[in-house]
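# Descriptive analysis of the structure
Each chain, letter by letter, is given below.
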Amino acid sequence: MRVAQIAPLAESVPPKFYGGTERIVSYLTEELVALGHDVTLFASGDSDTTAGLIAGCPRAIRLDPAVLDPLPHHLLMLEQVRRQAEDFDILHFHIDLLHFPLFRSLGDRVITTLHGQLDLPDLWPFFREFNNMPLVSISDAQREPMPPVRWAGTVYHGVPAELYRLHPTPGSYLAFLGRMSPEKQPEHAIEIARRSGIPLKMAAKVDKVDRAFFEARVKPLLDHPLIEFIGEIGDQEKDAFLGNALALLFPIDWPEPFGLVMIEAMACGTPVVAYRCGSVLEVVDDGVTGFVVDGVDSAVAAVGRLGLLDRAQVRSRFEERFSAARMAADYVALYEKAVTGWGGRRPLETLIPPLDLPPLGID
């Protein structure tokens, strides 16, 4: 099958440091190539892939100080995709909704995985208008705020099984890995560690948009003997960082679409202590791969029960549910349905009328 994977340009594929969507695009692309598919990756020029690479910009936008506006770069990449669209059986987009107006006419050959938060009211009129575009969710919870749209399926993220190894004997610290942002609640992770009396290592990225939050709410808490702030780390450091931890703390306060770091920890055999938000109940098997909790008090109690969990079973459950091979197989099944016309059913655009928008009132 001839497949185009269209990635965001913020990070390379895979990312040099932090970056969830681009990392998943990389894992999927490499698995598809290994399965024998003819794959072309549209991504930043500093990406590393065994697929054919078409550069949408010379290097990852986040790491390029010369880039002031990412939009023109993405639009130029979309023009490249449009010009070559007939060369592919499937165009698989990972850039949210930017491509919808340009590629709506290609119908079932276009599949879009939505990687982000969907509970934003500004999105609803847009998705109601483009309700014939086949969409893939990364958890069932991600779908909940959406208007009626054309869901092609839910495909959970996957990580290459060989990328991380089982660490049967943990170290003596808790881990926090992610962004220093309000919705990730790093200050809760600090409180959980302090109340548990266990060291916390924090490997975290501080975006410009989160700098004020970090300076005001998190940085004052780092001056404590139990807390160690490491900063942003890449894939090469993750195995040791996550694998040697007692547990990953995931005290989120937002409708998490998936939470890649949870399965990265599980791949190391490291259990997850996570707040009951978004996809958490779909990813964490409570009492098996970690504990689902409702706040700091129950998280501290869960940390005290970590010895009840079998790290080998945590790794085994990861292999069953969250390998990159499983993810690729799920996507190939969707591609095949798309190529064959979704089982011979009528296109959904004949079943759902377009949104009847009021006039704009422009003279």
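Above this text is the structure in question.
Predicted model, so just to flag it, every value in this text is computed and none were measured. Position numbers for residues start from 1 in each chain and track the written sequence from start to end. Where totals are concerned, whole chains, interfaces and linings use all residues; where local detail is concerned, this predicted model gives features only for residues with pLDDT of at least 70, and gives and counts side-chain atom pairs only at 80 or more. Think of the side-chain values as coming from all heavy atoms in the structure, minus any hydrogens and water.

## Points about the packing of aromatic side chains
Filter applied, for reference: Classification of ring pairs rests on two measures: the distance between centres of Phe, Tyr or Trp rings, Trp counted by its six-membered ring, which must be within 6.5 Å, and the angle between planes, read as stacked under 30 degrees, edge-to-face over 60 and tilted in between. Numbering of helices and strands starts at the N terminus; helices are DSSP runs of H or I of at least 4 residues and strands are runs of E of at least 2. In this scheme, a residue with accessible area under 20% of its type's maximum is buried, one over 50% is exposed, and one in between is partly exposed, where area comes from a 1.4 Å probe on protein chains only. Charges are assigned to positions over rings by a cutoff of 6 Å between ring centre and Lys NZ or Arg CZ, combined with an angular limit of 35 degrees from the ring normal.
Applying the stated criterion to the full structure yields 13 aromatic pairs. Where Phe-100 meets Phe-127, the ring centres are 6.0 Å apart and the plane angle is 80°; that geometry is what we call edge-to-face. Linking Phe-100 in helix 3 (residues 100-103) with Phe-127 in helix 4 (residues 123-129), this pair joins segments that are 27 residues apart in sequence. The same class applies to Phe-100 as to Phe-127, namely buried. Each member of the aromatic cluster is reached from another via a ring pair, and the members are Phe-100, Phe-126, Phe-127 and Phe-130. Here the basic side chain of Lys-201 rests over the ring of Tyr-173, its NZ or CZ set 4.3 Å away from the ring centre.

## Notes on the sheet that holds strand 9 (residues 200-205)
Quick note on the threshold: Note on pairing: DSSP must find at least two bridges between two strands before they are called paired. To get an axis, a line is fitted to the C-alpha atoms, and for a helix only the part in contact is used. The angle between two axes follows their N-to-C directions and goes from 0 to 180 degrees.
Taken in spatial order, the 6 strands of this open sheet run 10-9-8-11-12-13, and their pairing is parallel. Strand pairing shows two members of the sheet lacking a second neighbour, strand 10 (227-229) and strand 13 (290-293), which therefore form its edges. Averaged over all pairs of adjacent strands, the angle between their axes in this sheet comes to 20°, without regard to strand direction. Relative to strand 12 (residues 272-275), strand 11 (residues 245-250) runs parallel, the two sharing 3 bridges. Of the residues in strand 12, the one forming a bridge with Leu-248 is Val-272.

## Quick look at the side chain of Gln-5
Our working rule: Any pair of N or O atoms that falls within 3.5 Å is considered a polar contact. Within protein, one atom must be able to donate a hydrogen and the other to accept it, and sequence-neighbouring residues count only if both atoms are side-chain atoms. Every residue pair with non-hydrogen atoms within 4.5 Å of one another is taken to be in contact.
Relative to the helices and strands, Gln-5 is located in strand 1 (residues 2-6). There is a polar contact of 3.5 Å between the side chain of Gln-5 and the side chain of His-92. Non-local contacts of Gln-5, meaning those with residues more than four positions away in its chain, are made with Val-25, Leu-28, Thr-29, Leu-32, Val-39, Thr-40, Leu-41, Phe-42, His-92, His-94 and Tyr-335.

## Considerations on the environment of His-157
Of note, His-157 is situated in the loop between strand 7 (151-154) and strand 8 (173-179). With 143 residues separating them along the chain, His-157 and Pro-14 place their C-alpha atoms 15 Å apart. His-157 has contacts with Ile-24, His-115, Ile-138, Phe-258, Leu-260, Ile-263, Phe-322, Arg-326 and Met-327, leaving out every residue within four places of it along the chain.

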